[in-house]
Amino acid sequence: MKHQNSVETGLSPRLVLETIGGDLTLTGWERPEVRVTHGEDVDIRVEDETVFIQCDDDCRVHAPHGATLELFSVGGDATIHAVHGGGQLHTIGGDLRVNDAGALAVDQVGGDCTVQQIHGDLRAQTVGGDARLSNIQGDCLVNAGGDVQVAQVSGHHLVE
């Protein structure tokens, strides 16, 4: 059974996803609120303009387009779309898909990494599988265990 929780925020809150046990889908929207759709076990707390989320299962989050993001751990796949505040992604256990986001620093992706339309720099330290990166409006650094495809980078790019 799916549950929903919503908290009101401004248009550019800080979003801290501490631990997501399953898959994560994060989508930006125009509303000044964060909405979380989840299974049974979730912990959502707000301190000033920071929303902290911890979920033992799959989790779907809607947040304002201007949100900044700090994501510590996702056990499965992560999909991020239209979140322009940028951020830091620490550990993604499965695949990572990002489309239309602000500058990102990604520490570790266990599977494949597909990133399109980044408004700023992209740094992907460790990608276990293939990396497909396009339309990066800044510098791009990627270190991948599989094949790497890079297209349309406006700044410098380094593939390791």
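Everything below is about the structure shown above.
Figured I'd write up the structure that's included with this text. The structure presented is a predicted model; accordingly, all values stated were derived computationally and were not measured.

**Things to note about the pairing of strand 12 (residues 113-127)**
Thought 1: Examined bridge by bridge, strand 11 (residues 96-109) and strand 12 share eleven bridges and lie parallel to one another. For Arg-97, the partnering residue across the bridge sits in strand 12 and is Thr-114.
Thought 2: Across five bridges, the pairing between strand 12 and strand 13 (residues 131-136) is parallel. What sits directly across from Thr-114, in strand 13, is Arg-132.
Thought 3: Pairing geometry for strand 12 and strand 14 (residues 140-144), over four bridges, is parallel. Across the sheet, residue Leu-122 finds its bridge partner in strand 14, namely Cys-140.

**Looking at the packing of aromatic side chains**
Thought 1: In this structure the tally under the stated criterion is zero aromatic pairs.
Thought 2: We note Arg-45 situated over the ring of Phe-52; from NZ or CZ to the ring centre the distance is 4.4 Å.

**Some points on the pairing of strand 13**
Thought 1: Across five bridges, the pairing between strand 13 and strand 15 (residues 148-153) is parallel. Bridge assignment links Arg-132 to a residue of strand 15, and that residue is Gln-149.

**Side note on unusual backbone geometry**
Thought 1: Phi angles above zero are rare outside glycine, and Asp-48 is one such case at about 55°.
Thought 2: Within the secondary structure, Asp-48 is located in the loop between strand 5 (42-47) and strand 6 (50-55).
Thought 3: A residue is classified by how much of its surface remains accessible, and Asp-48, at 78% relative accessible area, is exposed.
Thought 4: If you check the backbone angles, Asn-135 has positive phi at about 55° while not being a glycine.
Thought 5: When you line up the elements, Asn-135 lands in strand 13.
Thought 6: For Asn-135, a relative accessible area of 27% puts it in the partly exposed group.

**Focus: the nonpolar core**
Thought 1: Counting 40 residues, the largest nonpolar core has Leu-15, Leu-17, Leu-24, Ile-53, Val-61 and Leu-96 as the members making the most contacts within it.
Thought 2: In this structure, Val-61 is in contact with Leu-15, Leu-17, Leu-24, Thr-25, Leu-26, Thr-27, Val-34, Arg-35, Val-36 and Ile-53, ignoring residues within four places of it in sequence.

Thresholds, definitions, all that
Residues numbered from 1 in each chain as written. Predicted model: local features only at pLDDT ≥ 70, side-chain atom pairs only at ≥ 80, totals over all residues. Heavy atoms only, no water. Pairing = 2+ DSSP bridges. Helix = DSSP H or I, 4+ residues; strand = E, 2+ residues; numbered from the N terminus. Phe/Tyr/Trp six-rings, centres within 6.5 Å; stacked < 30°, edge-to-face > 60°. Lys NZ or Arg CZ within 6 Å of the ring centre and 35° of its normal. Buried < 20%, exposed > 50% of the residue type's maximum accessible area, 1.4 Å probe, protein only. Core = buried A, V, L, I, M, F, W, Y, C linked by side-chain atoms within 4.5 Å. Contact = heavy atoms within 4.5 Å.

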